[in-house]
Amino acid sequence: MNYRTFGRTGWQVSRLGLGCMRLPTLGSHDTVDERHALRLIRRAIDGGVNYVDTAWGYHGGASERVLGTALADGYRERVKLVTKLPSWRVKQATDFDGHLDEQLARLRTDHVDLYLLHALDKKSWSTVRDLGVLAWAERAISSGRFSFLGFSFHDEYDVFTEIVDAWDRWAACMVQYNYMF
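My aim in this report is to walk through the structure given alongside it, one point at a time. Note that the structure is a prediction, hence the values are computed from the model and not measured.

## Considerations on the overall build of the chain
Helix and strand counts for the chain stand at 6 helices and 10 strands. Relative to its length of 181 residues, the chain is compact, with a C-alpha radius of gyration of 16 Å against a globular reference of 16 Å. Seen through its C-alpha atoms, the chain measures out along the principal axes to roughly 40 × 40 × 35 Å. When the 181 residues of the chain are sorted by exposure, 46% land in the buried category. Sequence separation of at least 24 residues holds for 69% of the intrachain contacts in the chain that already meet a minimum separation of 6. Surface accessibility of the chain: about 9500 Å² in total, with carbon and sulfur atoms responsible for 50%. Of the charged side chains in the chain, 23 are positive and 23 negative; the average position of the first set lies 6 Å away from that of the second.

Below you can see the structure in the form of structure tokens.
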């Protein structure tokens, strides 16, 4: 496996990461075939993948739970674990901790390495920004609940620059990209 430095984190991460948005299923998107998914996740890690990504809504919440099971027995220590705050579900400032607490429980860990504000667009950014997400994130980082903060993005360029310029500690940004256009 080839590795690269991941931005300002200093991490050496595999050039190929494992996204857990489309794990093997049993017919329904929300019904993960756990036996096959566990084998797939552990095989990737055994093959050198050390960047694993999931999110609140993947497989109706089952992705985080299945990944937490797969990372038992020493596998958690071998990866950089990433999940995402469901920004569209945030209605009040207490939702930041509420969602993260539930995600950590699903993932069976006390911390994630990178936490992304998921699917930011003009509306969700305005909501989480005005509720104090960046001050909350600094407290969560200080307490060790996650090491770095980033965001995934789904809007126009001017909104992107507004978000990027809002904080000087972003560790990552995941954008939709179509190499055909």
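## A short note on the sheet that holds strand β6 (residues 51-53)
Pairing in this open sheet of 6 strands is parallel, and the strands run β3-β6-β7-β8-β9-β10 from one edge to the other. Edge positions in the sheet fall to β3 (18-19) and β10 (172-175), since each of these pairs with one other strand and no more. Sheet topology note: the strand β7 (residues 80-86)/strand β8 (residues 112-120) ladder contains 5 bridges and is parallel. Across the sheet, residue Leu85 finds its bridge partner in β8, namely Leu117.

## Some words on helix α2 (residues 62-70)
The buried fraction of α2 is high, at 7 of 9 residues. Contact partners of the buried residues in α2: β5 (28-32), α1 (34-46), β6, β7 and α3 (94-107).

## A few points about the pairing of β5
In this sheet, β5 lies alongside strand β4 (residues 25-26) in antiparallel orientation, the contact comprising 2 bridges. Among the inter-strand pairings, Thr25 is bridged to a residue of β5, identified as Val32. Counted between consecutive antiparallel strands, the loop separating β4 from β5 contains 1 residue, among which Gly27 sits at a positive phi close to 90°.

## Digging into the pattern of salt bridges
Under the criterion given, the structure shown has 11 salt bridges. Its salt-bridge partner being Glu102, residue Arg106 comes within 3.0 Å of it at the nearest N-O pair. With Arg106 and Glu102 both in helix α3, this residue pair falls 4 residues apart, about one helical turn. Arg129 serves as the salt-bridge partner of Asp130, at 3.0 Å between the closest nitrogen and oxygen. Arg129 gets classed as partly exposed once you look at its relative accessible area, which sits at 32%. Salt bridges sharing partners connect three or more residues here, namely Glu64, Glu102 and Arg106.

Definitions and cut-offs
- Residues numbered from 1 in each chain as written.
- Predicted model: local features only at pLDDT ≥ 70, side-chain atom pairs only at ≥ 80, totals over all residues.
- Heavy atoms only, no water.
- Helix = DSSP H or I, 4+ residues; strand = E, 2+ residues; numbered from the N terminus.
- Rg over C-alpha atoms; globule rule 2.2 N^0.38 Å.
- Buried < 20%, exposed > 50% of the residue type's maximum accessible area, 1.4 Å probe, protein only.
- Contact = heavy atoms within 4.5 Å.
- Areas by Shrake-Rupley, 256 points an atom, 1.4 Å probe, with all protein chains shown as cover.
- Lys, Arg positive; Asp, Glu negative; His and termini not counted.
- Charge placed at Lys NZ, Arg CZ, Asp CG, Glu CD.
- Pairing = 2+ DSSP bridges.
- Salt bridge = Lys/Arg side-chain N within 4 Å of Asp/Glu carboxyl O.

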